[in-house]
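Read off the chains here:
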Amino acid sequence: MSIMESVRSKFSYIIGGICVIIGIVMAETWILSLDFQTRGRILRAQFVVFLQLALVGGDYLVWRSLALFFDGSPNTRLPKLWRLLLFVYMCLVHLSYLCNVLFVRTEPILFSIVCYLCLAVHFQFVFIIIVFKIYEALYKTVKGRSFHGKRMYFIAFVCTILITALGFINSQKPPVIKNVSVPIKNLPQKLDGFHIAMLSDIHLGVTVGKSKLDRIVAMVNSLKPDAVVIVGDLVDGPVKQLEESSSSLVNIVSRYGTYYVTGNHEYYTMDAGNWLTHLDSLGINVLHNGNRQIPSEGNPKEQLCMAGVDDLEADRIMYDDHGFKLEEALRGCHSEQPIILLAHQPKAAKKALQTSRHIDLVLSGHTHGGQFPPVVFGAYLFNPFYAGLYRYGDNSHVYVSMGTVYWGFPVRIMTMQEITSITLHTV
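Let us look at the structure shown here. What you are looking at is a predicted structure, and each value in this text was computed from that prediction instead of being measured.

Conventions adopted
- Residues numbered from 1 in each chain as written.
- Predicted model: local features only at pLDDT ≥ 70, side-chain atom pairs only at ≥ 80, totals over all residues.
- Heavy atoms only, no water.
- 1 Å grid on protein atoms, 1.4 Å probe; cavity = no way out; pocket = protein on both sides within 12 Å on 5 of 7 lines; lining within 4 Å.
- Points joined across faces, edges and corners; volume = space filled by probe spheres on them.
- Nonpolar A, V, L, I, M, F, W, Y, C, P; charged D, E, K, R; others polar.
- Salt bridge = Lys/Arg side-chain N within 4 Å of Asp/Glu carboxyl O.
- Helix = DSSP H or I, 4+ residues; strand = E, 2+ residues; numbered from the N terminus.
- Buried < 20%, exposed > 50% of the residue type's maximum accessible area, 1.4 Å probe, protein only.
- Core = buried A, V, L, I, M, F, W, Y, C linked by side-chain atoms within 4.5 Å.
- Contact = heavy atoms within 4.5 Å.
- Arc of directions from axis to C-beta.
- Pairing = 2+ DSSP bridges.
- Right-handed = clockwise from strand over helix to strand, strands pointing away.
- Disulfide = S-S within 2.5 Å.
- Axes fitted to C-alpha atoms, helices over the stretch in contact; angles between N-to-C directions.
- Parallel < 35°, antiparallel > 145°, perpendicular 65-115°, else oblique.
- Left-handed = near helix turned anticlockwise from the far one by under 90°.
- Phe/Tyr/Trp six-rings, centres within 6.5 Å; stacked < 30°, edge-to-face > 60°.

1. Quick word on empty space enclosed by the protein
Reasoning step 1: Tallied over the full model, the rule gives two cavities of 30 Å³ or more.
Reasoning step 2: Taken as a whole, the largest cavity encloses approximately 60 Å³ of empty space.
Reasoning step 3: What lines the largest cavity is simply N100, Y116, H203, G205, V206, T207, D236, Y406, W407 and G408.
Reasoning step 4: Looking at the lining of the largest cavity residue by residue, the class counts come to four nonpolar, five polar and one charged.

2. Topic: the pattern of salt bridges
Reasoning step 1: Here the structure, examined in full by the defined rule, presents five salt bridges.
Reasoning step 2: Across the salt bridge formed by K210 and D214, the nearest N and O atoms sit 3.3 Å from each other. Placement of the pair is K210 and D214 together in helix α8 (residues 210-223), with a separation of four residues, close to one helical turn.
Reasoning step 3: Between R357 and E327 there is a salt bridge; the shortest N-O distance is 3.1 Å. One end of the pair, R357, is in the loop between α14 (346-353) and β9 (361-364); the other, E327, is in helix α13 (residues 326-330), with 30 residues separating them in the sequence.
Reasoning step 4: When its relative accessible area of 24% is taken as the criterion, R357 is described as partly exposed.
Reasoning step 5: Accessibility expressed as a relative area gives 44% for E327, which makes it partly exposed.

3. Comments concerning the nonpolar core
Reasoning step 1: Formed by 64 residues in total, the largest nonpolar core has its most connected members in V62, L66, Y89, L249 and L279.
Reasoning step 2: Per element, the largest residue contribution to this core is 12 residues, and it comes from helix α6 (residues 110-143).
Reasoning step 3: Apart from residues lying up to four places away in sequence, L249 is in contact with L213, I230, L234, L279, L282 and I284.
Reasoning step 4: Counting residues in hydrophobic clusters, the runner-up holds 24 residues, among them V261, L304, L361 and L424.

4. Some points on α14
Reasoning step 1: Of all the positions in α14, only P346, A348, A349, A352 and L353 are classed as buried. One side of α14 holds all its buried residues, which, seen down the axis, span an arc of 155 degrees.
Reasoning step 2: Against α13, β8 (339-342), β9, β10 (388-392) and β11 (396-400) lie the buried residues of α14.

5. As for the pairing of β8
Reasoning step 1: Side chains I339 and L341 of β8 all project onto a buried face; the interleaved residues I340 and L342 project onto the opposite face, where all are buried too.
Reasoning step 2: The sheet contact formed by strand β7 (residues 304-308) and β8 spans four bridges and is parallel. By the bridge assignment for β8, G308 is matched with L342.
Reasoning step 3: As paired elements, β8 and β9 share three bridges and run parallel to each other. Bridged to I340 within β9 is L361.
Reasoning step 4: After leaving β8, the chain enters α14 and then returns to the sheet as β9, a path that is right-handed.

6. Focus: the state of the cysteines
Reasoning step 1: This structure, assessed with the given rule, holds one disulfide.
Reasoning step 2: What pairs with C305 in a disulfide is C333, and their sulfur atoms sit 2.0 Å apart. Every disulfide takes its handedness from the sign of the S-S torsion; for C305 and C333 that torsion is -45 degrees, giving left-handed. Highlighted residues: C305 in strand β7 and C333 in the loop between α13 and β8, separated in sequence by 28 residues.
Reasoning step 3: Judged by relative accessible area, which is 0%, C305 ranks as buried.
Reasoning step 4: We classify C333 as buried; its relative accessible area is 10%.
Reasoning step 5: Not engaged in a disulfide, the cysteine C99 finds its nearest cysteine sulfur in C115; these two sulfurs lie 4.1 Å apart.
Reasoning step 6: You can see C159 has no disulfide; the closest cysteine sulfur is in C118, sitting 17 Å from it.

7. Some details on the packing of α6 against helix α7 (residues 150-171)
Packed helices, taken two at a time, are described by the angle their axes make and the gap between the axes.
Reasoning step 1: Packing of α6 against α7 brings their axes to within 9 Å, and their N-to-C directions diverge by 140 degrees. Considered as vectors, α6 and α7 are oriented oblique to each other. Considering the relative orientation of α6 and α7, their crossing is right-handed. Across from I113, L117, A120, V121, Q124, F125, I128, I129, F132, K133 and E136 in α6, the residues of α7 making contact are M152, Y153, A156, F157, T160, I161, I163, T164 and F168.
Reasoning step 2: Among the residues making up the contact of α6 with α7, the classes are represented as 15 nonpolar, three polar and two charged.

8. Observations concerning the packing of aromatic side chains
Reasoning step 1: By the definition in use, this model includes 21 aromatic pairs.
Reasoning step 2: Aromatic side chains F385 and Y392 sit 6.3 Å apart centroid to centroid with 75 degrees between the ring planes, which places their arrangement in the edge-to-face category.
Reasoning step 3: The exposure class of Y392 is partly exposed, given its relative accessible area of 26%.
Reasoning step 4: Through successive ring pairs, a cluster of aromatic residues spans F69, F70, W82, Y89, F125, F154 and F157.

Here you go:
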């Protein structure tokens, strides 16, 4: 059967899949018209259903590729045992997101870690299967015969497990201190050498606990920064679940304080308002489309303006009283002052820099560098700034952190966890 014949034979499945996607998009449009709390519950349920359906598709590919590998073995029990192990593995994959609801603790539990490691293996191995399937189709077209790769799939699966294990080991190491120097035009002489410790994407929740945050706080304090910034995705749960885990933030010490903006994950908790209140009670300067002068008093020409905007996701899901409002965030910043903007997503950074307002430096996170393949490639392709320092125009810069910890999957492959030590110098 040719490739075209194969596509035609599965035409009904393709059309069905397209209809499902269109239905989900139309349903989301209706959902966004509902009241805030109902909207949040339905959006989360919609995501869970979509995720589970996608995982079932991956299960099918994995089972077809691996289930029969040990058939024909002299040990008659081995094939049954192998299929049982595959079934348990797939169950753990499907239970991973449920851990976000049932097993959020001050410190992560082993079951949650195992489930998310299985999910990481699943993501990577399904991608490998798809690549192999494309190769098999091309091989058959060119050579005119089938390519039998049963052993190849098994070897790839074992390698994926080993690579994920290495990624898990990497994820448990302390973040790297990354030193970055940024030239700022018209930086006041008194602020030359101003030192910022930047945190992003800590993701306190099901697989990141208080002990990791304690270590991060100690590392930040050892840098003796002038200011600390947290550029979103601090948490993956409501305040009532993570109040104790986040308590270490009160111990951060810097000359001019700690500054925080929301990321998309704060809005997924549907508890962003309570988080802003809680963080404010810990002494953190919450930049809810607002700004602060540094130093707080004095001649505006000898200050810089630290501004922050709500994450773009607040606009998409129409989160009450939140949204990306740049003009509001910059209100009160003087034209002669250097402006530093905290904006979680690189897309928000680009949106801000494309306006008529001059912004000297935008600090973002969100991408995680992709965290591990194949997500690395998507993070690079679908973000205007991927990771590191970028120059924009004549005098503006963007810095994108790869994240201080990780989201969900306790895995880091081809990427790193970082605390960014940023020094501003005048030009």
